[in-house]
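# Analysis of the macromolecular model
Chain by chain, the residues run as shown.
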Amino acid sequence: MVSSNPTLVAIVRLSLAVSLTASLIAAVVGMPLGALLALTRFPGRAMLVVLFNAMMGLPPVVVGLAVYLLLSRTGPLGTMGILFTPAAMIMAQTILIVPIIAALTRQTVEDLWFDYRDELNAMEVGPARRIATLLWDARYSLVTTLLAGFGRAIAEVGAVMIVGGNIDGFTRTMTTAIALETSKGDLPLAMGLGLVLVGIVLAINAMAWAARLWSERQAG
Amino acid sequence: MRAPSSELPVVLDRVSFKTGETTIIDRLSLTMAPGAPTVIVGPNGSGKTTLLRICMGLIAPTDGGISWGGRQHAAMAHRAIVFQRPVMLRRSVAANVAYALARAGVARRARVAHVDELLARVGLLDLAPRAARRLSGGELQRLALARALARDPELLLLDEPTASLDPASTRRVEEIILMAAKSGIKIVMASHDLGQVRRIAGDVVFLARGALCEQRSADDFLNHPTTSEAAAFLRGDLVI
Ligand SMILES: Nc1ncnc2c1ncn2[C@@H]1O[C@H](COP(=O)(O)OP(=O)(O)OP(=O)(O)O)[C@@H](O)[C@H]1O
Ligand SMILES: [Mg+2]
């Protein structure tokens, strides 16, 4: 059932493509943002930290709705014409997980900065280089952060359902397919999809774990 | 020997350092001139670390002034410090030294040879690919010295560099320090090991409760302390 079904393969591939892309974009945006938040002191910083921490629990349907309004024909970004396309799904998931990645990165980098501060100051390391150094040296913890973001993206259904529309063969992901099959009463298919989803998440985490072990042995 | 230093003498003029209500350094005036190592001696909590941070320029005095070679806001470029508990980056031994070289402006192509030379100088060449955070205490201290020397300093500040080392490791670290001193680097070092003072110090700065008690040649200090605090410290009494 799993390997022979071309529709299923397409669904899995789309889910992975959307969530991995969203995770990557969110990492590129969220990690420097988190590091910046860890290293700078400005009025309102504490509020921003709390806000990001709170946004880790943002309901996917709310993000979906916001992006839907943004992208709908009359919305501010309506002219882009990407509503009900994978691009919209990537956008929604990115917005969903940037706070997770930024908040977890901030904590990690802040702890490391406490450790490194004196040494980096004594070596006269400038602000941009500081951020790069801290992110690089925190890379093992940041892989876990990235996985947390990816896990949330691949598992959510509300946002992709709203902005993707669950169109067969175009924007149908594993989670939206599971929701649909369950509501149609095809429980075996829904179960099968669910198992595939869990298997993929497990496999990706196992790969990340192995990569971490290997590279940690190289660099300590 | 190198050209006359731009960092020396280091002159502290009635320097105080306070946090809130507590005075950590108390109206301390002091001149550190080129020449043999200056060792800062004093009991725990007397302000040695704080004084070294001020000398590095990492913290500014809350009162009074400090100047390096006559300049008050000199860049740190020709100074280096080894902290009491050095922290290494989560990288290899060689990469830690390379990082310091890069920050000191050494071109990428010149770095590899330079790393090897510095590691050889502290006897760590064999450990170059090892993870820096897994070094033993003695190895870590020597790596910290290599990293500080990577800045090609004129003034090298050392905060109890042998505090937790065994006699053999202490000897190795002291050899590196004496070699650096011989090459013309001014060493300013905190210590409460009197044997070490005897082996290394040209002159001694004795601190108690953040105030300067004595600044004299090591021989004078060890044999004829003039203040009761220093005499008590040398006898092994508590200095309160
Ligand atoms: N940032 C700070 N805030 C408050 N108190 C401080 C701070 N830094 C140092 N102190 C206090 O100032 C005093 C002097 O500290 P310092 O570390 O300079 O002493 P020290 O001579 O290096 O001691 P040790 O021999 O134990 O290393 C201590 O009582 C310490 O607790
Ligand atoms: Mg100290």
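Residues numbered from 1 in each chain as written. Chains lettered and ligands numbered in written order. Predicted model: local features only at pLDDT ≥ 70, side-chain atom pairs only at ≥ 80, totals over all residues. Heavy atoms only, no water.

Counting secondary structure elements, chain B contains eight helices and nine strands. Scaling as 2.2 N^0.38, a compact globule of 240 residues should have a C-alpha radius of gyration of about 18 Å, and chain B matches this with 18 Å. For chain B, the spread of C-alpha atoms along the principal axes amounts to about 55 × 40 × 40 Å. With 240 residues in all, chain B has 51% of them scored as buried. When contacts within chain B are restricted to residue pairs at least 6 apart in sequence, those whose partners lie at least 24 apart make up 66%. As displayed, chain B has an accessible area near 10700 Å², and 51% of this comes from carbon and sulfur atoms. Measuring between centres, the 31 positive side-chain charges of chain B sit 8 Å from its 23 negative side-chain charges. (Helix = DSSP H or I, 4+ residues; strand = E, 2+ residues; numbered from the N terminus. Rg over C-alpha atoms; globule rule 2.2 N^0.38 Å. Buried < 20%, exposed > 50% of the residue type's maximum accessible area, 1.4 Å probe, protein only. Contact = heavy atoms within 4.5 Å. Areas by Shrake-Rupley, 256 points an atom, 1.4 Å probe, with all protein chains shown as cover. Lys, Arg positive; Asp, Glu negative; His and termini not counted. Charge placed at Lys NZ, Arg CZ, Asp CG, Glu CD.)

Tallying the contact residues gives 20 residues for chain A and 25 residues for chain B. Between chain A and chain B, a total of about 1900 Å² is buried, with carbon and sulfur atoms accounting for 50% of that surface. Taken as a group, Glu119, Met123 and Glu124 of chain A account for 31% of the area that chain A buries against chain B, more than any other trio of residues on that side. Between chain A and chain B we count 11 residue pairs in polar contact (both at pLDDT 80 or more) in total. The element contributing the most residues to the side of chain A that touches chain B is helix α4 (residues 86-122) of chain A, with eight residues. Considered class by class, the residues forming the side of chain A that touches chain B number eight nonpolar, four polar and eight charged. (Buried area = accessible area lost by both parts, 1.4 Å probe. Polar contact = N/O pair within 3.5 Å; in protein donor to acceptor, adjacent residues only side chain to side chain. Nonpolar A, V, L, I, M, F, W, Y, C, P; charged D, E, K, R; others polar.)

This next bit is on the coordination of the magnesium ion (ligand 2). All names here are of chain B. The magnesium ion (ligand 2) binds to the protein through Thr49 (OG1) and Gln84 (OE1); the donor distances cover 1.9 to 2.3 Å. Taken together, the positions of Thr49 in helix α1 (residues 48-56) and Gln84 in the loop between β5 (79-82) and α2 (93-103) put the pair 35 residues apart, joining distant regions of the chain. The class of Thr49 is partly exposed, set by a relative accessible area of 25%. (Donors = N, O, S within 2.8 Å, 3.2 Å for Na, K, Ca; no water.)

Our next topic: the packing of aromatic side chains. The geometry of two aromatic rings is summed up by the distance between their centres and the angle between their planes. All names here are of chain A. Summed over all chains, the structure comprises three aromatic pairs over all chains. Ring geometry for Tyr68 versus Phe84: centroids 6.2 Å apart, planes at 65 degrees, classification edge-to-face. Highlighted residues: Tyr68 in helix α3 (residues 60-71) and Phe84 in the loop between α3 and α4, separated in sequence by 16 residues. We classify Tyr68 as partly exposed; its relative accessible area is 31%. With relative accessibility at 33%, the residue Phe84 sits in the partly exposed group. Here Arg139 stacks its cationic end above the ring of Trp136, 4.2 Å away from the centre of that ring. (Phe/Tyr/Trp six-rings, centres within 6.5 Å; stacked < 30°, edge-to-face > 60°. Lys NZ or Arg CZ within 6 Å of the ring centre and 35° of its normal.)

A separate point is the pattern of salt bridges. A complete count under the given rule lists 18 salt bridges over all chains for this structure. For Glu119 of chain A, the salt bridge is made with Arg147 of chain B, and the minimal N-O distance between the two is 2.8 Å. Highlighted residues: Glu119 of chain A in helix α4 and Arg147 of chain B in helix α4 (residues 137-149), drawn from two different chains. Here Arg147 of chain B falls in the buried class, since its relative accessible area comes to 5%. The partner of Arg14 of chain B in a salt bridge is Asp13 of chain B, with the nearest N and O atoms 3.3 Å apart. (Salt bridge = Lys/Arg side-chain N within 4 Å of Asp/Glu carboxyl O.)

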